[in-house]
Amino acid sequence: MEEIRFSLDGNTFHTVRENQVDATTWSNATDHGFFVILNVAMGGGFPDAFGGGPDAGTQPGHSMLVDYVQVLTSGGGGTTPPPTGNRDAYGTIQAESFDGQSGTMTETTSDSGGGQNVGALANGDWLQFKGVNFGSPAARQFSARVASGAPAGVSGLVEVRLDSRGNAPIGSFSVGNTGGWQSWRTVPANIASVTGTHDVYLTFTSGQPQDFVNVNWFTFGR
Ligand SMILES: [Ca+2]
């Protein structure tokens, strides 16, 4: 059963459940991407609903200050759960099987193989994959399945870091528009040699604030 919960400061004040509407209405409301709209409205029933007005204190032309907008993904919701044991660096690591993340979302992919991809990746976002076993001899290659519908002039780096997001990347590649958010290509990169088992972070860095890449999966090579 899916549901949409509306919360303020962590307290849910309204819930709409899948079985409260017909299937088409629910699908139309939920089975697609979303936009966050921040709207300053004045007039209509607003001032009156809070004690009367408009009066002299009801002034147009003011701005709204937004500290930040954050999109979070929690467990469930169709993402692939992380494996219980170590991950094989040379197998296909699904992006949506992350152990931790910031700033990302998951969505159905139309790439070959189906499943989901991680999207809405922009500067400062990251994904964590615990326990990736590189073994020996060392891995020296990284490749990721990516797509981008970024606007002209918007690009960024897909970076690989080991064990801490504060460590320097061991490799990266640059990506810009690939022809659309579901136009997939496999992009390779060289990495500094790595052996043993590590937590892998994919970090996303851009000089522009816009989303610049989706990731379906990644893998390493020797
Ligand atoms: Ca995937």
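Presented here is an overview of the structure given in this document. (Residues numbered from 1 in each chain as written. Predicted model: local features only at pLDDT ≥ 70, side-chain atom pairs only at ≥ 80, totals over all residues. Heavy atoms only, no water.)

1. Thoughts on the coordination of the calcium ion
Step number 1: Donor atoms from the polypeptide that coordinate the calcium ion comprise Q94 (OE1), E96 (OE), E96 (OE), Q116 (O), N216 (O) and N216 (OD1), at 2.2 to 2.7 Å from the metal.
Step number 2: Here the calcium ion binds six donor atoms, and the angle range of 49 to 158° at the metal identifies the geometry as irregular.
Step number 3: Of note, the calcium ion draws all its donor residues from one chain, in the sequence arrangement Q-x1-E-x19-Q-x99-N. (Donors = N, O, S within 2.8 Å, 3.2 Å for Na, K, Ca; no water. Tetrahedral: all angles 85-135°; square planar, octahedral: opposite > 155°, others 65-115°.)

2. Side note on the pattern of salt bridges
Step number 1: Evaluation of the coordinates by the stated rule reveals five salt bridges.
Step number 2: Its salt-bridge partner being E3, residue R5 comes within 2.5 Å of it at the nearest N-O pair.
Step number 3: The exposure class assigned to R5 is exposed, which follows from its relative accessible area of 54%.
Step number 4: In this structure E3 comes out as partly exposed when scored by relative accessible area, which is 30%.
Step number 5: Notably, a salt bridge pairs D111 with R145, separated by 2.9 Å at the nearest N-O pair. Of this pair, D111 sits in the loop between β6 (105-108) and β7 (116-121) while R145 sits in strand β9 (residues 139-148), and the two are 34 residues apart along the sequence. No difference in accessibility class separates D111 from R145, as the two residues are buried. (Salt bridge = Lys/Arg side-chain N within 4 Å of Asp/Glu carboxyl O. Buried < 20%, exposed > 50% of the residue type's maximum accessible area, 1.4 Å probe, protein only. Helix = DSSP H or I, 4+ residues; strand = E, 2+ residues; numbered from the N terminus.)

3. So, the nonpolar core
Step number 1: Judged by nonpolar contacts, the single largest core of 34 residues is most densely connected at F142, V200 and F220.
Step number 2: For this core, the secondary structure elements donating two or more residues are β7, β8 (126-133), β9, β10 (156-162), β11 (171-175), β12 (180-194), β13 (197-205) and β14 (213-221).
Step number 3: In this structure F220 touches A89, Y90, F134, A139, Q141, F142, V160, I191 and V200, once residues within four positions along its chain are discounted. (Core = buried A, V, L, I, M, F, W, Y, C linked by side-chain atoms within 4.5 Å. Contact = heavy atoms within 4.5 Å.)

4. A few points about the environment of G131
Step number 1: Structurally, G131 can be placed in strand β8.
Step number 2: On a C-alpha basis, the gap between G131 and T197 in space is 5.8 Å, while along the polypeptide they are 66 residues apart.
Step number 3: Residues within four places of G131 in sequence aside, it is in contact with N86, R87, T197, H198 and D199.

5. A word on the pairing of β8
Step number 1: Burial analysis of β8 places six of its eight residues in the buried class, which makes it a mostly covered element.
Step number 2: Bridge analysis of strand β3 (residues 87-88) against β8 gives two bridges, and the strand direction is parallel. Each residue of the ladder has a partner; that of D88, found in β8, is N133.
Step number 3: By the bridge criterion, three bridges tie strand β5 (residues 100-102) to β8 in an arrangement that is antiparallel. Looking at the pairing, S102 lines up with W126 of β8.
Step number 4: Taken together, the six bridges between β8 and β13 define a ladder with antiparallel strand orientation. The residue bridging Q128 from the neighbouring strand is Y201, located in β13. (Pairing = 2+ DSSP bridges.)

6. Overview of the packing of aromatic side chains
Any two aromatic rings considered together are summarised by their centre-to-centre distance and by the angle between their planes.
Step number 1: Counted by the stated rule, this structure contains eight aromatic pairs.
Step number 2: Taking the centre distance of 5.4 Å and the plane angle of 45° together, the rings of F142 and F220 count as tilted. Here the residue F142 occupies a position in strand β9, and F220 occupies one in strand β14, the gap between them amounting to 78 residues.
Step number 3: Joined through ring pairs, the aromatic side chains of F129, F134, F142, F173, F218 and F220 make up one cluster. (Phe/Tyr/Trp six-rings, centres within 6.5 Å; stacked < 30°, edge-to-face > 60°.)

7. Section: the environment of G10
Step number 1: Checked against the element boundaries, G10 lands in the loop between β1 (3-8) and β2 (11-17).
Step number 2: Along the backbone, G10 and G207 are 197 residues apart, and their C-alpha atoms lie at a distance of 32 Å.

8. What about a nonpolar patch on the surface?
Step number 1: Where nonpolar side chains cluster on the molecular surface, the patch consists of V36, L38, V40, M64, V66, V69 and V71 and spans about 590 Å² of accessible area.
Step number 2: Residue position: M64 is located in the loop between α2 (46-49) and β3.
Step number 3: On the accessibility criterion, M64 (41% relative accessible area) is partly exposed. (Patch = residues over 30% accessible without salt bridge, like charges linked within 9 Å, V, L, I, M, F, W, Y side chains within 5 Å. Areas by Shrake-Rupley, 256 points an atom, 1.4 Å probe, with all protein chains shown as cover.)

9. Re unusual backbone geometry
Step number 1: Going from S136 to P137, the amide bond is cis rather than trans, its omega being 5°.
Step number 2: Of note, P137 is situated in the loop between β8 and β9.
Step number 3: For D163, which is not glycine, the phi dihedral falls at a positive 75°.
Step number 4: Here D163 is to be found in the loop between β10 and β11.

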